[in-house]
Amino acid sequence: FSWGEGGILSALVDGEWITSPAMLEEGTVVDFTASPDVNYALDAWWLNGEVVDTIYLNVQLEMLQNNEIHVAFKLDVVGIEEIILSPSKAILIKEQQLQLTATILPSNATNPELIWSSSDPEVASVDQSGLVTAFRPGKALIRAVAVDGSGVLSAPSIIEVKEISSPFSSQRSQ
């Protein structure tokens, strides 16, 4: 018996683990278990060059002379489908900072890494953790894009930056 990259194959006969089919007599019933590595899933069980199962991690087979058993694994990548930024809009004063939060769907995405960007870094910049820093009055759209190859782009978080207004600026001299 053999297995491909992405996991291991175990064989159990009468409660004992075996490492070689040469240890088996014809007619012996063997419990095979496929154990995929992280980010891998079962692709198929093969018996004598034919697929016998593509669903179960455990199969029970009666060994016959010259049986060849192989299990294959495949990458099981879960792509990002949606990125939701929170808050979706905010008003900041110059030099103020705001931490944006990105909710990634589905939550079990294999690679949840994002690249953050600002439409106008002179108004408000964003670092790669989603921390926004306000610089000058205006509006900037902050977005996050998935790096998993899906190309998913978030809806923008709209950041408006305002000057600090003095409580005396609206009063007139009398």
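The structure reproduced in this document is the subject of the present report. Remember, it's a predicted structure, so these values are computed and weren't measured experimentally.

Let us look at the environment of Ile159. Within the element layout of this structure, Ile159 appears in strand S17 (residues 157–162). Given a relative accessible area of 0%, Ile159 falls into the buried group. When the C-alpha positions of Ile159 and Val132 are compared, they lie 8.7 Å apart, and in sequence the two are 27 residues distant. When residues no more than four places from it in sequence are discounted, the contact partners of Ile159 are Ala90, Leu92, Leu98, Ala124, Val132, Gly138, Lys139, Ala140 and Ile142.

The next subject is the sheet that holds strand S11 (residues 97–99). Pairing between the strands of a sheet comes from backbone hydrogen bonds, and it takes one of two forms, parallel or antiparallel. Taken in spatial order, the three strands of this open sheet run S11-S15-S14, and their pairing is antiparallel. Each end of this open sheet is capped by a strand with a single partner; those strands are S11 and strand S14 (124–126). The mean angle between the axes of side-by-side strands here comes to 20°, regardless of whether they run parallel or antiparallel. Strand direction decides the pairing type here: S11 and strand S15 (residues 131–134), joined by three bridges, are antiparallel. Across the sheet, residue Gln99 finds its bridge partner in S15, namely Leu131.

Here we take up unusual backbone geometry. Glycine aside, negative phi is the norm for most residues, and most peptide bonds take the trans geometry. A cis amide bond, omega 0°, links Ser86 with the succeeding residue Pro87. With respect to the helices and strands, the residue Pro87 is situated in the loop between strand S9 (82–86) and strand S10 (89–93). For Asn48, which is not glycine, the phi torsion reads 55° and is therefore positive. Asn48 gets classed as partly exposed once you look at its relative accessible area, which sits at 42%. The residue Glu95 is not glycine, and still its phi comes out positive at about 75°. In this structure, Glu95 sits in the loop between S10 and S11. Looking at Glu95, the relative accessible area reads 69%, which means it is exposed.

We now examine the pairing of strand S13 (residues 114–118). What you see with S13 is a clean split: Leu114, Trp116 and Ser118 sit on the buried side and Ile115 and Ser117 on the side with no burial. Summarising the sheet, S13 and strand S16 (residues 138–146) pair through five bridges and their orientation is antiparallel. Looking at the pairing, Trp116 lines up with Ala144 of S16.

This part is about the packing of aromatic side chains. Taken as a whole, this structure holds one aromatic pair when the rule is applied. With a centroid separation of 6.2 Å and 55° between ring planes, the pair formed by Phe32 and Trp45 is classed as tilted. Placement of the pair is Phe32 in strand S4 (residues 29–36) and Trp45 in strand S5 (residues 40–47), with a sequence separation of 13 residues. Each member of the pair, Phe32 as well as Trp45, is classed as buried.

Looking now at the environment of Thr101. Within the element layout of this structure, Thr101 appears in strand S12 (residues 101–105). On a C-alpha basis, the gap between Thr101 and Leu85 in space is 5.7 Å, while along the polypeptide they are 16 residues apart.

With respect to the element layout, Val30 can be found in strand S4. For Val30, a relative accessible area of 0% translates into the label buried.

All right, on to the side chain of Ser157 then. Note on placement: Ser157 falls in strand S17. Residue classification places Ser157 among the buried positions, given a relative accessible area of 0%. Within the structure, the side chain of Ser157 is placed 2.7 Å from the backbone oxygen of Pro87, a separation counted as a polar contact. Residues in contact with Ser157, not counting those within four places in the same chain, are Leu85, Pro87, Ser88, Lys89, Leu100, Ala140, Leu141 and Ile142.

Criteria and cut-off values
Residues numbered from 1 in each chain as written. Predicted model: local features only at pLDDT ≥ 70, side-chain atom pairs only at ≥ 80, totals over all residues. Heavy atoms only, no water. Helix = DSSP H or I, 4+ residues; strand = E, 2+ residues; numbered from the N terminus. Buried < 20%, exposed > 50% of the residue type's maximum accessible area, 1.4 Å probe, protein only. Contact = heavy atoms within 4.5 Å. Pairing = 2+ DSSP bridges. Axes fitted to C-alpha atoms, helices over the stretch in contact; angles between N-to-C directions. Phe/Tyr/Trp six-rings, centres within 6.5 Å; stacked < 30°, edge-to-face > 60°. Polar contact = N/O pair within 3.5 Å; in protein donor to acceptor, adjacent residues only side chain to side chain.

The quantities given are spatial measurements derived from coordinates; they are silent on function.
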